[in-house]
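Okay, here's what each chain looks like letter by letter:
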Amino acid sequence: MADEALILTETDGHVGILRLNRPKALNAISPDLIQQVADQLDQWDRDEQIYAMVITGSDKAFAAGADIVDMAPRSTMEMHQRDQFAVWDRVAKVKKPIIAAVSGFALGGGCELMMMCDVVIASETAQFGQPEINLGIIPGAGGTQRFTRAVGKATAMDVILSGRFLSAEEALDYGLVSRVAPADSYLDEAIKLAHTMAKKGPLALQIGKEAVNKAFETTLGEGVQFERRLFYMLFSTEDQKEGMKAFMEKRKPDFKAR
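On a predicted model such as this, the values are computed, not experimentally measured, just so you know.

## Considering the overall build of the chain
Then comes step 1: When helices and strands are tallied, the chain shows twelve helices and ten strands.
Then comes step 2: Its C-alpha radius of gyration of 19 Å places the chain within 12% of the 18 Å reference for a compact globule of 258 residues.
Then comes step 3: In terms of overall dimensions, the chain has C-alpha extents of about 60 × 45 × 40 Å along its principal axes.
Then comes step 4: The buried share of the chain, reckoned over its 258 residues, is 43%.
Then comes step 5: Sequence-distant contacts in the chain: of pairs separated by 6 or more residues, those separated by 24 or more amount to 66%.
Then comes step 6: For the chain, the computed accessible surface area is about 13700 Å², with 55% contributed by carbon and sulfur atoms.

## A closer look at the nonpolar core
Then comes step 1: Leu41, Met114, Phe128, Phe147 and Leu176 are the most contacted members of the largest nonpolar core, which has 45 residues in total.
Then comes step 2: A per-element tally of this core places helix H1 (residues 31–46) first, with six residues.
Then comes step 3: The residues contacting Leu41, other than those within four sequence positions of it, are Leu18, Met53, Ile55, Val91, Val94 and Ile98.
Then comes step 4: Membership of the second largest hydrophobic core comes to 19 residues, among which are Leu187, Leu193, Met197 and Leu205.

## Concerning the pairing of strand E1 (residues 7–12)
Then comes step 1: Sheet analysis places E1 next to strand E2 (residues 15–20), joined by six bridges and oriented antiparallel. Along E2, the bridge assignment pairs Ile7 with Leu20.
Then comes step 2: The antiparallel pairing of E1 with E2 creates a hairpin that spans two residues between the two strands, and Gly13 there sits at a positive phi of about 65 degrees.

Each value, and the rule that gives it
Residues numbered from 1 in each chain as written. Predicted model: local features only at pLDDT ≥ 70, side-chain atom pairs only at ≥ 80, totals over all residues. Heavy atoms only, no water. Helix = DSSP H or I, 4+ residues; strand = E, 2+ residues; numbered from the N terminus. Rg over C-alpha atoms; globule rule 2.2 N^0.38 Å. Buried < 20%, exposed > 50% of the residue type's maximum accessible area, 1.4 Å probe, protein only. Contact = heavy atoms within 4.5 Å. Areas by Shrake-Rupley, 256 points an atom, 1.4 Å probe, with all protein chains shown as cover. Core = buried A, V, L, I, M, F, W, Y, C linked by side-chain atoms within 4.5 Å. Pairing = 2+ DSSP bridges.

Following this line, the structure appears as structure tokens:
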């Protein structure tokens, strides 16, 4: 991690927990912050002892957008040459499951980071939106694409073109988040879910994530064939043998990620 602690991290058993740490800026996502996030997630993705991850912010804000002060003076060529969203793509390519624990504002870049995660546990106080239209721009880290896939064209047009926010309950109704939890327990619920995942077959977790993500990138027929190949492939793993043996022996499996 860099000297400036833009993120705080800890591990809890097989779970990695990352907290965005720019409280004065409501965790606005600067280039340095997203770099640290991507680096840490990559490290955990390679760590054989980490099976699932949690990303959170503060109770007031998961992340209230990107760092506008940094972007405001940039020219078209400066934005193009620094290709600031390339590092964001690394988050979406993490193989292990990522749970976002969201409270308060998840806006602009914060909403886009959240949508790169696999499961979203939202506090009842959470608010979601892509208000870039108010700045004379549009989302640039995948917001128009992931938001539309999550909530549908009509709602995406409404939110992105008006700049309005969705409440936690609206986000749940539209399929943007997975669960809504009380404000005092949303993070505990996310960590509990991560531990539940971490008790499953680690290889199957990664393969299951890959298969679900494929559904957004291909036709139904191609997706089913892709799923089937992955299903058969898991029969070459020790975890599959252990999982099925444990089931027949009526005991908990002892997965080894092999």
